[in-house]
Amino acid sequence: MLVDLNRILTKFPTQHLAYCFAYGSGVFQQAGRTDRAMVDLIFVVNNTHNFHRDNLTLNPNHYSSIRYLGPSILSSVQTSFGANVYFNTHITVGNLIFKYGIIDMKDFCQDLQSWRTLYIAGRLHKPVLMLRDEGLNDLVMHNLKSAMHAALLQLPEKFTEIDLYIAIAGLSYRGDFRMIIGEDKNKVANIVQPQVEKFRELYTPVFKSLSDKLSMHSFIEQDKSLESKLYHLQRLPQNLKNILLRPYKNKFNDDKILEELAKQNNLSKIVCNGICRIVFYSSLMQSIKGIPTAGLLKSIVYSYNKLNKMVKSMFL
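Rules behind the numbers
- Residues numbered from 1 in each chain as written.
- Predicted model: local features only at pLDDT ≥ 70, side-chain atom pairs only at ≥ 80, totals over all residues.
- Heavy atoms only, no water.
- Phe/Tyr/Trp six-rings, centres within 6.5 Å; stacked < 30°, edge-to-face > 60°.
- Helix = DSSP H or I, 4+ residues; strand = E, 2+ residues; numbered from the N terminus.
- Buried < 20%, exposed > 50% of the residue type's maximum accessible area, 1.4 Å probe, protein only.
- Lys NZ or Arg CZ within 6 Å of the ring centre and 35° of its normal.
- Axes fitted to C-alpha atoms, helices over the stretch in contact; angles between N-to-C directions.
- Parallel < 35°, antiparallel > 145°, perpendicular 65-115°, else oblique.
- Left-handed = near helix turned anticlockwise from the far one by under 90°.
- Contact = heavy atoms within 4.5 Å.
- Nonpolar A, V, L, I, M, F, W, Y, C, P; charged D, E, K, R; others polar.
- Polar contact = N/O pair within 3.5 Å; in protein donor to acceptor, adjacent residues only side chain to side chain.
- Pairing = 2+ DSSP bridges.
- Patch = residues over 30% accessible without salt bridge, like charges linked within 9 Å, V, L, I, M, F, W, Y side chains within 5 Å.
- Areas by Shrake-Rupley, 256 points an atom, 1.4 Å probe, with all protein chains shown as cover.
- Salt bridge = Lys/Arg side-chain N within 4 Å of Asp/Glu carboxyl O.
- Lys, Arg positive; Asp, Glu negative; His and termini not counted.
- Charge placed at Lys NZ, Arg CZ, Asp CG, Glu CD.

**Some remarks on the packing of aromatic side chains**
We describe a pair of aromatic rings using the distance from one ring centre to the other and the angle between the two ring planes. Inspection of every chain in the model, using the stated rule, returns 13 aromatic pairs. A ring pair is formed by phenylalanine 12 and tyrosine 100, whose centres lie 4.7 Å apart and whose planes are at 75°; its orientation type is edge-to-face. Here phenylalanine 12 is found in the loop between helix H1 (2-9) and strand E1 (17-23), whereas its partner tyrosine 100 is found in strand E4 (residues 96-104), with 88 residues between them in sequence. Since its relative accessible area comes to 0%, tyrosine 100 is described here as buried. Connected via pairs of aromatic rings, a cluster forms that spans Phe12, Phe43, Phe51, Phe98 and Tyr100. Its end group placed over the ring of tyrosine 119, arginine 123 keeps NZ or CZ at 4.0 Å from the ring centre. Geometry around tyrosine 231 places lysine 213 over its ring, the cationic atom sitting 4.4 Å from the centre.

**Some details on the packing of helix H2 (residues 48-58) against helix H3 (residues 71-80)**
Where H2 contacts H3, the axes come no closer than 8 Å and their chain directions differ by 130°. When the axis of H2 is compared with that of H3, the two are oblique. Crossing angle aside, the handedness with which H2 passes H3 is right-handed. Packed against H2, whose contacting residues are Thr48, His49, His52, Arg53 and Leu56, the element H3 presents Pro71, Ser72, Leu74, Ser75 and Gln78 at the interface. Among the residues forming the contact of H2 with H3, the class breakdown is three nonpolar, six polar and one charged.

**So, H2**
Within H2 the residues assigned to the buried category are Thr48, Phe51, His52, Asp54, Asn55 and Leu56. Where H2 begins, the capping side chain belongs to asparagine 47, and its oxygen is found 3.2 Å from the backbone nitrogen of histidine 49.

**So, the sheet that holds strand E7 (residues 214-216)**
The strand order across the open sheet formed by three strands is E6-E8-E7, and the pairing between neighbours is antiparallel. The two strands at the open ends of the sheet, each matched to only one other strand, are strand E6 (158-159) and E7. With three bridges joining them, E7 and strand E8 (residues 220-222) adopt antiparallel strand pairing. Each residue of the ladder has a partner; that of leucine 214, found in E8, is glutamine 222.

**Overview of a negative patch on the surface**
Together, Glu157, Asp212, Glu221, Asp223 and Glu227 make up a region of like negative charge exposed at the surface. Note that glutamate 227 resides in helix H10 (residues 226-234). On the basis of relative accessibility, which here comes to 59%, the residue glutamate 227 falls in the exposed class.

**Remarks on the sheet that holds strand E2 (residues 39-45)**
As summarised here, the arrangement of the five strands in space is E3-E4-E2-E1-E5, forming an open sheet in which the pairing is mixed. Edge positions in the sheet fall to strand E3 (85-93) and strand E5 (129-133), since each of these pairs with one other strand and no more. Each adjacent strand pair in this sheet contributes to an overall mean axis angle of 15°, direction not counted. Taken strand by strand, H1 contacts E1, E2, E3, E4 and E5, and its axis lies near 35° from that of E5.

**Looking at the pattern of salt bridges**
Applying the stated criterion across every chain yields a total of nine salt bridges. The closest approach of N and O atoms between arginine 200 and glutamate 161, which form a salt bridge, is 2.7 Å. Linking arginine 200 in helix H9 (residues 196-209) with glutamate 161 in helix H7 (residues 161-169), this pair joins segments that are 39 residues apart in sequence. According to the relative accessible area criterion, glutamate 161 is buried, its value standing at 17%. The partner of glutamate 260 in a salt bridge is lysine 256, and the shortest N-O contact between them spans 3.4 Å. In this pair, glutamate 260 and lysine 256 both sit in helix H12 (residues 254-262), four residues apart, roughly one turn of the helix. Judged by its relative accessible area of 25%, glutamate 260 is partly exposed. Of the residues examined, lysine 256 reaches a relative accessible area of 32% and is grouped as partly exposed. Connected via shared salt-bridge partners are Glu161, Glu197 and Arg200.

**Comments concerning the environment of aspartate 176**
Checked against the element boundaries, aspartate 176 lands in the loop between H7 and helix H8 (187-192). According to the relative accessible area criterion, aspartate 176 is buried, its value standing at 3%. Distance from aspartate 176 to valine 279, taken between C-alpha atoms, is 5.6 Å for residues 103 residues apart in sequence. Ignoring any residue separated from it by four or fewer positions in sequence, one finds aspartate 176 in contact with Val279 and Ser283.

**Some details on the pairing of E2**
In terms of burial, E2 is a largely internal element, seven of the seven residues being buried. With burial as the criterion, each face of E2 is covered, one bearing Val39, Leu41, Phe43 and Val45 and the other bearing Asp40, Ile42 and Val44. In this sheet, E2 lies alongside E1 in antiparallel orientation, the contact comprising six bridges. Residue tyrosine 23 lies in a different strand from E2, and its bridge partner there is aspartate 40. Examined bridge by bridge, E2 and E4 share seven bridges and lie parallel to one another. Paired with aspartate 40 across the bridge in E4 is lysine 99.

Written out as structure tokens, the structure is:
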């Protein structure tokens, strides 16, 4: 797989690629999947306009008819709404069928740092296959720690390791309208179950950084004191924190609001609702954007396949 994907990269203007990874059921086994899944790629580029300009020369057929509007319009469509990602889908090279999303480095860093859309950040909460990495490890680790803080605020005092990974993997699906119609209802559990070792490897450094707040035996136990909950709240990504603070902004300063939130019995639901607000809007707008960027026919095929998977999952 790695050799095939690296061969695919040679067909793109790689001089603009700063970071690239593959993810999803086309790369990693998912429980309940026996069909041939499309490979998902994310290209993080240094300059969106220049990437589209050169990619239009190399791979014009990857784009829908919107390509005739030129790279400036493509860049504007990519960065103006949704999750700031432009997808080309159902591309075939050799025996591989794949789709690839293009995101500007600025938008990529912002999402991992603050969870502006949680669209790309959420994908990096789960194991991925790294194809190109230009020194962004600190930012990626910050995103993993954010996921851990958000998950722990929604988990009880005692839980299993799989419970934790399901909570983490599910963050970016909370509020996603596609989970209502169009996605496999068992998707999150199916992601985690065959990949427990990969999740463990990914999150071991985060566990070590929280050793004073977590203990691991046959179960994981966490400190649920007010101080500990406040600790996690203070370290949530800024966009999520802003959403949690907003209803109380005219009454208290930020520190006081977080202290009051830490005392709430329904803190788990408050955090969950905040994440839902981020994910719902970005996933909805990104899906709407997919109609002109993928083209109507590909959008219909993609939606049909999603609905088909959802129906099958209901009878498993």
